[in-house]
Amino acid sequence: REGMDTEGKARPPRPHWFERRVQPCLAELLGSALFIFIGCLAVLEDSGGTGRLQPALAHGLALGVTVTVLGDI
């Protein structure tokens, strides 16, 4: 009996190779690129008195948006 466990219940199907190997790598690449891009833009656009606050807020906002949009993955 394929697809059954020892108690006779159906096992959930194994995830496809894309979901196991490629999708996590793409997510890591996208996340790293987003944070590097946002961080560089935050430092380039220095408005004078913000100092370290502007890059910190930019990274925090980027992280919040990413978690909100991609939280179900």
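Residues numbered from 1 in each chain as written. Predicted model: local features only at pLDDT ≥ 70, side-chain atom pairs only at ≥ 80, totals over all residues. Heavy atoms only, no water.

Under the annotation held in an unreviewed UniProt entry, the chain carries the name AQP8 protein and is attributed to Horornis vulcanius. Heading Subcellular location (unreviewed entry) of the UniProt record for the chain holds this comment: "Membrane". (UniProt positions renumbered as here; feature names shortened; annotations may be inferred.)

A. Structural context of the overall build of the chain. A tally of regular secondary structure across the chain gives two helices and zero strands. When the 73 residues of the chain are sorted by exposure, 8% land in the buried category. Within the structure as shown, the chain displays about 6,500 Å² of accessible surface, and the carbon and sulfur contribution to it stands at 65%. (Helix = DSSP H or I, 4+ residues; strand = E, 2+ residues; numbered from the N terminus. Buried < 20%, exposed > 50% of the residue type's maximum accessible area, 1.4 Å probe, protein only. Areas by Shrake-Rupley, 256 points an atom, 1.4 Å probe, with all protein chains shown as cover.)

B. Molecular detail of the packing of helix H1 (residues 17-44) against helix H2 (residues 53-70). Look at H1 against H2: their axes get within 9 Å of each other, and the N-to-C directions meet at 150°. Classified by the angle between their axes, H1 and H2 sit roughly antiparallel to one another. Judged by the sense of rotation from one axis to the other, the crossing of H1 with H2 is right-handed. Of H2, the residues touching H1 (which contributes Leu30, Leu34, Phe35, Ile38, Gly39, Ala42 and Val43) are Gln54, Pro55, Ala58, His59, Ala62, Leu63, Thr66 and Leu70. (Axes fitted to C-alpha atoms, helices over the stretch in contact; angles between N-to-C directions. Parallel < 35°, antiparallel > 145°, perpendicular 65-115°, else oblique. Left-handed = near helix turned anticlockwise from the far one by under 90°. Contact = heavy atoms within 4.5 Å.)

C. Structural detail: H2. If you check H2, its first and last C-alpha atoms are 25 Å apart, about what 18 residues at 1.5 Å a residue would give, namely 26 Å. Here H2 has its buried residues at Pro55, Ala58 and Ala62. Looking straight down H2, one finds that the buried residues subtend no more than 60° of arc, so they occupy a single side. H2 presents Leu53, Leu57, Leu61, Val67 and Thr68 as exposed residues on the side facing more than 90 degrees away from its buried surface. (Expected span 1.5 Å × (residues − 1). Arc of directions from axis to C-beta.)

D. Local environment of H1. In this model, H1 (28 residues) spans 40 Å end to end at C-alpha, consistent with the 40 Å of a helix rising 1.5 Å per residue. The largest bend in H1 amounts to roughly 35° and is located at Gln23, with the proline Pro24 lying one to four residues further along. Regarding H1, the residues found buried are Gly31, Gly39 and Ala42. Lining the buried residues of H1 we find H2. (Bend = angle between axes of the 7 residues up to and from the residue.)

E. Region of the structure containing a nonpolar patch on the surface. Residues Leu30, Leu61, Val65, Val69 and Leu70 make up a contiguous nonpolar surface patch of roughly 490 Å² in combined accessible area. Element by element, the count of residues in the nonpolar patch is highest for H2, at four residues. Checked against the element boundaries, Val69 lands in helix H2. Under the relative-accessibility criterion, Val69 is labelled exposed at 62%. (Patch = residues over 30% accessible without salt bridge, like charges linked within 9 Å, V, L, I, M, F, W, Y side chains within 5 Å. Salt bridge = Lys/Arg side-chain N within 4 Å of Asp/Glu carboxyl O.)

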